[in-house]
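# Remarks on the overall topology
One-letter residues, chain by chain:
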Amino acid sequence: GSLALKKGKNRKYLTETITKVSKNNEVLVNEFPIPKFFLRRWGCYYHTRNKNIMCYTSLLRNNSLLRKWNFYIANKRKAMMCSLGLIGPGIFGNEPSYSSVNDLLRDMKYARRQGFKNIAVYSIDTIMKRPDAISWLNALKNSSQ
């Protein structure tokens, strides 16, 4: 069968651990903007307002409909923040990333218009590996003021 439909082996452990830890601590849960059914099966969905929806718009290859969908889901799940990226390669090393700082700034402006005051960017280490790292850091600094 498809891996997407299989239950995560550690989903029960994850659910119990996060539930236990969140009783006495503030826990931020990261989620992809995909149907809850998949997230629950994998052990990656928790009913909490402390959510960060990973709206990794560069992975969408400039598909404006999917970009809007990601932010729609983030708002529908009442996420407290969203993540943008990718600035550079992710864990597989071949994921699509922003080609220019202007692409990131466009998405940051869109996220702010959608009501997100807190925006995370994936990731600072890939910014530091860019030859134009200072321009990316300045853009982040100026866009948050």
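Our subject is the structure listed above.
## Overview of the pattern of salt bridges
Throughout the structure, instances matching the rule amount to six salt bridges. Note that R77 is salt-bridged to E31, the shortest N-O span being 2.9 Å. Highlighted residues: R77 in the loop between α3 (64–76) and β3 (81–85) and E31 in strand β1 (residues 29–31), separated in sequence by 46 residues. In this pair, the class of R77 matches that of E31, namely buried. D107 is the salt-bridge partner of R67, the closest N and O atoms lying 2.9 Å from each other.

## Regarding the nonpolar core
C55, F71, C82, L84, L104, F116 and W136 are the most contacted members of the largest nonpolar core, which has 21 residues in total. Ranked by residue count, the leading element in this core is helix α4 (residues 101–113), at five residues. Other than its neighbours up to four places away in sequence, F71 contacts C55, T57, C82, L84, D107, Y110, A111, Q114 and F116.

## Some words on the sheet that holds β3
Spatial strand order, β1-β2-β3-β4: four strands in an open sheet with parallel pairing. Bordering the open sheet on either side are β1 and β4 (118–122), each of which pairs with just one other strand. Each strand of the sheet is rotated relative to its neighbour by a mean of 25 degrees, with strand direction disregarded. The pairing of β3 with β4 spans five bridges and is parallel. Bridge pairing links C82 to I119 in β4.

## A few points about the packing of aromatic side chains
Going through the model one piece at a time under the given rule, you end up with seven aromatic pairs. Taking the centre distance of 6.1 Å and the plane angle of 85 degrees together, the rings of F32 and Y56 count as edge-to-face. In this pair, F32 sits in the loop between β1 and α2 (36–42) while Y56 sits in the loop between β2 (51–54) and α3, placing the two residues 24 residues apart along the sequence. We classify F32 as partly exposed; its relative accessible area is 39%. For the ring pair Y56 and Y122, a centre distance of 5.8 Å and an interplane angle of 35 degrees mean the geometry is tilted.

Parameters at a glance
- Residue numbering note: each chain is counted from 1, following its sequence as written.
- Since the coordinates come from a predicted model, pLDDT governs what is reported: local features require at least 70, and pairs of side-chain atoms require 80 or more to be given and counted, while whole-chain, interface and lining totals use all residues.
- Water and hydrogen atoms play no part in the side-chain values, which are based on all heavy atoms of the structure.
- We define a salt bridge as a side-chain nitrogen of Lys or Arg found within 4 Å of a carboxyl oxygen belonging to Asp or Glu.
- Strands here mean DSSP runs of E at least two residues long; helices mean DSSP runs of H or I at least four residues long; both are numbered from the N terminus.
- Think of it in three bands: residues with accessible area under 20% of the maximum for their type are buried, residues over 50% are exposed, and the middle band is partly exposed, with areas taken using a 1.4 Å probe on protein chains only.
- For our purposes a nonpolar core is just a set of buried Ala, Val, Leu, Ile, Met, Phe, Trp, Tyr and Cys residues, chained together by side-chain atoms within 4.5 Å.
- We call two residues in contact when some of their heavy atoms are within 4.5 Å.
- Strand pairing is assigned whenever DSSP identifies at least 2 bridges connecting the two strands.
- Each axis is a line fitted through C-alpha atoms, taken for helices only over the stretch in contact, and angles between the N-to-C directions span 0 to 180 degrees.
- A pair of Phe, Tyr and Trp rings is counted when the ring centres sit within 6.5 Å of each other, with Trp represented by its six-membered ring. The angle between the planes then sorts it: under 30 degrees is stacked, over 60 is edge-to-face, the rest tilted.

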